[in-house]
Amino acid sequence: MLVSKLKTFAKHLVLNTGSRREVINITRLVQSAVTESGVTAGLCVVFTTHSTSAILVNEDEEGLKSDILRKTAEDFPEGVAWAHNRIDDNADAHLAGTYLGPSVTVPVIGGRLTLGTWQSIFFLELDGPRSGRRIVVQVLGE
Ligand code: ZN
């Protein structure tokens, strides 16, 4: 009989953000969770539990991070008569979160996130500043 060696591990990361829109590199925190999990081969899911935020993978370069914020502001402008603004003045943040997405999945090989040389994992704050933003890192594998 085949005995499954599948492990699952979950950790909550808690972040405080300092601006309305902000790009925060969380790669080190995610890799620490992978290391803590003991999983050497599998998948790592990084999921934000907030509908006014997103998770991205891209390059940690200052110009690019400001371009991401500029593009987000252009595509999802504040001050527009979005219907959600009738009850809560943050429709632009919900819309950006919807289209950018709440999670990424990164393969884990040899106990490491298999990110490319120029890739990092980012939490994108869309309606800050906030305290206690929760991100779930779940690692599945063996
Ligand atoms: Zn809202």
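Quantities reported herein were computed from a predicted structural model and do not represent experimental measurements. Sequence order as written defines residue numbering, which begins from 1 separately in each chain. The predicted origin of the model limits local features to residues at a pLDDT of at least 70 and limits the giving and counting of side-chain atom pairs to 80 or more, whereas totals for whole chains, interfaces and linings rest on all residues. Side-chain descriptors were evaluated using all non-hydrogen atoms of the structure, hydrogens and water having been removed beforehand.

Enquirer: How should the nonpolar core be read in this particular structure?
Expert: The nonpolar side chains of soluble globular proteins are, as a tendency, buried together. To form a nonpolar core, buried Ala, Val, Leu, Ile, Met, Phe, Trp, Tyr and Cys residues must be joined to one another through side-chain atoms within 4.5 Å. To sort residues, take the accessible area from a 1.4 Å probe on protein chains only and compare it with the maximum for the residue type: under 20% means buried, over 50% means exposed, and anything in between is partly exposed. Counting 21 residues, the largest nonpolar core has I26, V30, C44, V46 and I121 as its most contacted members. Here a strand is any run of E in DSSP of at least two residues, a helix any run of H or I of at least four, and the numbering for each starts at the N terminus. Elements with a minimum of two residues in this core: β1 (7-15), α1 (27-37), β3 (41-48), β5 (103-109), β7 (120-125) and β8 (133-141). If you look at the next biggest cluster of nonpolar residues, it comprises ten residues, including V23, A54, I68 and L126.

Enquirer: It is not clear to me how the pattern of salt bridges should be interpreted in this structure. Could you clarify?
Expert: Any two side chains of opposite charge can pair, so long as their charged atoms come close to each other. A pair is scored as a salt bridge if a Lys or Arg side-chain nitrogen falls within 4 Å of a carboxyl oxygen belonging to Asp or Glu. Across all of its chains, the model carries eleven salt bridges by this definition. The salt bridge partner of D92 is R21, with a shortest N-O separation of 2.7 Å. One end of the pair, D92, is in helix α3 (residues 91-100); the other, R21, is in the loop between β1 and β2 (22-25), with 71 residues separating them in the sequence. Summarising the burial analysis for this pair, D92 and R21 share the class buried. R133 is the salt-bridge partner of E125, the closest N and O atoms lying 2.7 Å from each other. Note on accessibility: E125 and R133 belong to one class, buried.

Enquirer: Help me understand the coordination of the zinc ion, please; the structure alone is not making it clear to me.
Expert: Coordination angles at a metal have ideal targets, namely 109.5 degrees for four tetrahedral donors and 90 or 180 degrees for six octahedral donors. Sodium, potassium and calcium take a 3.2 Å donor cutoff, other metals 2.8 Å, and in both cases only N, O and S atoms count; water is not among them, so sites may look incomplete. Protein coordination at the zinc ion comes from H84 (NE2), D88 (OD), N90 (OD1) and H94 (NE2), with a distance range of 2.1 to 2.2 Å. For four-coordinate sites, all angles between 85 and 135 degrees define a tetrahedron; for four- and six-coordinate sites, opposite donors beyond 155 degrees with the remaining angles between 65 and 115 define square planar and octahedral shapes respectively, and all other cases count as irregular. Geometry at the zinc ion is irregular, judged from the four donor atoms that bind it and their angles of 92 to 151° at the metal. For D88, a relative accessible area of 34% corresponds to the partly exposed category. With relative accessibility at 22%, the residue H94 sits in the partly exposed group.

Enquirer: Would you mind showing me how to read the pairing of β3 here?
Expert: Remark: a regular strand shows side chains that alternate across the two faces of the sheet. As paired elements, β3 and β5 share seven bridges and run antiparallel to each other. Across the sheet, residue G42 finds its bridge partner in β5, namely V108. Following DSSP output, two strands are said to pair if at least two bridges run between them. Looking at chain direction, β3 and β8 are connected through seven bridges and run antiparallel. Counterpart to F47 in the pairing with β8 is V136.

Enquirer: Quick question: what am I supposed to make of the side chain of T17 here?
Expert: Examined against the element boundaries, T17 turns out to sit in the loop between β1 and β2. Residue T17 is classed as buried on the basis of its relative accessible area of 8%. For T17, the side chain forms a polar contact with the side chain of E125, separated by 2.8 Å. In contact with T17, other than residues within four places in its own chain, are E22, I24, F123, E125, G128, P129, R130 and R133. We define a polar contact as two N or O atoms separated by no more than 3.5 Å, with the added condition that, inside protein, one atom must be a possible hydrogen donor and the other a possible acceptor, whereas residues neighbouring each other in sequence contribute only through side-chain atom pairs. In what follows, a contact means two residues having at least one pair of non-hydrogen atoms within 4.5 Å.

Enquirer: Can you walk me through the environment of I109 in this structure?
Expert: Mapped onto the elements, I109 comes out in strand β5. For the pair I109 and T98, spaced eleven residues apart in sequence, the C-alpha to C-alpha distance is 30 Å. When sequence neighbours within four positions are dropped, the list of residues in contact with I109 reads T40 and T114.

Scope: geometric values only; no functional claims are made or implied.
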